[in-house]
Amino acid sequence: MSSTCDHDHDHSGLHGAALARALQGAEARVAEAGERMTPPRRRVLSLLLETGEPVKAYDLIARFGEDGQAAKPPTVYRALEFLERQGMAHRIASISAYVACSGGAANGAALHAAAFLICDCCGATREIAGPDQGAIDAAAASAGYAIARTTIEAHGLCLACRKAT
């Protein structure tokens, strides 16, 4: 996302050895689940990790080709759906963007309730520990629901934007 503020922000993602380790870990998790990390899935995850902030699908489509060529939209959307199912990416509905998981699932834990703090000024987004998934599942079960995934979004101003105002 682009900054709408007139002050500096650090939205850096992973690069170099850190990016390579994250991708290797993701590939191992996918293999353990009996799935395949195809080149398009790997490329989309790499773009999410490199960016370090929420990215709109059409920006991923435009940046997909390493030779500057855009991808076909279904290629990127299928990769995003797969990464979401595997708990490696989250869709942030309120800003129509995707972000690499930095919470429990990214570190090898089970799928979790994703919770995000989203700055309405600069777009900075931070994944935080969400509520206990067991409590959410129990409340849903008592209401007759079966939850596929949980995402909580809290909007406000980050510290840098609060200090600048």
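Relevant structure appears above.
Predicted model, so just to flag it, every value in this text is computed and none were measured. (Residues numbered from 1 in each chain as written. Predicted model: local features only at pLDDT ≥ 70, side-chain atom pairs only at ≥ 80, totals over all residues. Heavy atoms only, no water.)

Can you lay out the packing of aromatic side chains for me, pointing to particular residues and giving the numbers?
Under the defined criterion, the tally for this structure stands at 1 aromatic pair. Geometrically, the ring pair formed by Tyr-58 and Tyr-77 is edge-to-face, given 6.4 Å between the ring centres and 75 degrees between the ring planes. Of this pair, Tyr-58 sits in helix α3 (residues 57–63) while Tyr-77 sits in helix α4 (residues 73–85); the two residues are 19 residues apart in sequence, bridging distant segments of the chain. Cation over ring: Arg-41 sits above Phe-82, and NZ or CZ is 3.6 Å from the ring centre. (Phe/Tyr/Trp six-rings, centres within 6.5 Å; stacked < 30°, edge-to-face > 60°. Helix = DSSP H or I, 4+ residues; strand = E, 2+ residues; numbered from the N terminus. Lys NZ or Arg CZ within 6 Å of the ring centre and 35° of its normal.)

Tell me about the nonpolar core, residues and numbers included.
Val-44, Leu-45, Leu-48, Leu-60, Val-76, Leu-80 and Leu-83 are the most contacted members of the largest nonpolar core, which has 25 residues in total. Those elements giving two or more residues to this core turn out to be α1 (16–32), α2 (39–51), α3, α4 and β2 (97–100). Residues contacting Leu-83, with those up to four places away along its chain left out, are Met-37, Arg-41, Val-44, Leu-45, Leu-48, Met-88 and Ala-89. Core analysis: the second largest hydrophobic core is formed by 7 residues, Ile-92, Ile-95, Ala-97 and Ala-114 among them. (Core = buried A, V, L, I, M, F, W, Y, C linked by side-chain atoms within 4.5 Å. Buried < 20%, exposed > 50% of the residue type's maximum accessible area, 1.4 Å probe, protein only. Contact = heavy atoms within 4.5 Å.)

Which residues make up the packing of α2 against α4, and what are the values?
Contact geometry of α2 with α4 gives a least axis separation of 9 Å together with a crossing angle of 75 degrees. In terms of orientation, α2 and α4 fall into the roughly perpendicular class. Residues Pro-40, Arg-41, Val-44, Leu-45 and Leu-48 of α2 lie in contact with α4, whose contacting residues are Thr-75, Val-76, Ala-79, Leu-80, Phe-82 and Leu-83. (Axes fitted to C-alpha atoms, helices over the stretch in contact; angles between N-to-C directions. Parallel < 35°, antiparallel > 145°, perpendicular 65-115°, else oblique.)

For the environment of Ala-160, give the residues involved together with the corresponding values.
Relative to the helices and strands, Ala-160 resides in helix α6 (residues 159–164). A residue is classified by how much of its surface remains accessible, and Ala-160, at 30% relative accessible area, is partly exposed. Ala-160 sits 38 residues away from Cys-122 along the chain, and the two C-alpha atoms are 9.1 Å apart.

Help me get a handle on the pairing of β2, residues and values and all.
Both faces of β2 are covered, namely the face carrying Ala-97 and Val-99 and the face carrying Tyr-98 and Ala-100. The hairpin turn running from strand β1 (residues 89–92) into β2, its antiparallel successor, is 4 residues long, and Ser-96 in that turn takes a positive phi close to 50 degrees. (Pairing = 2+ DSSP bridges.)

Now, about the sheet that holds strand β5 (residues 151–156): what can you tell me, with residues and values included?
Read from one edge to the other, the open sheet built from 3 strands follows the order β4-β3-β5, with strand pairing classed as mixed. The outermost strands of the open sheet, each flanked by one partner alone, are β4 (125–129) and β5. Put simply, the sheet's adjacent strands are angled 25 degrees from each other on average, direction ignored. Here strand β3 (residues 114–119) pairs with β4 via 5 bridges, running antiparallel. Among the inter-strand pairings, Ile-118 is bridged to a residue of β4, identified as Thr-125.

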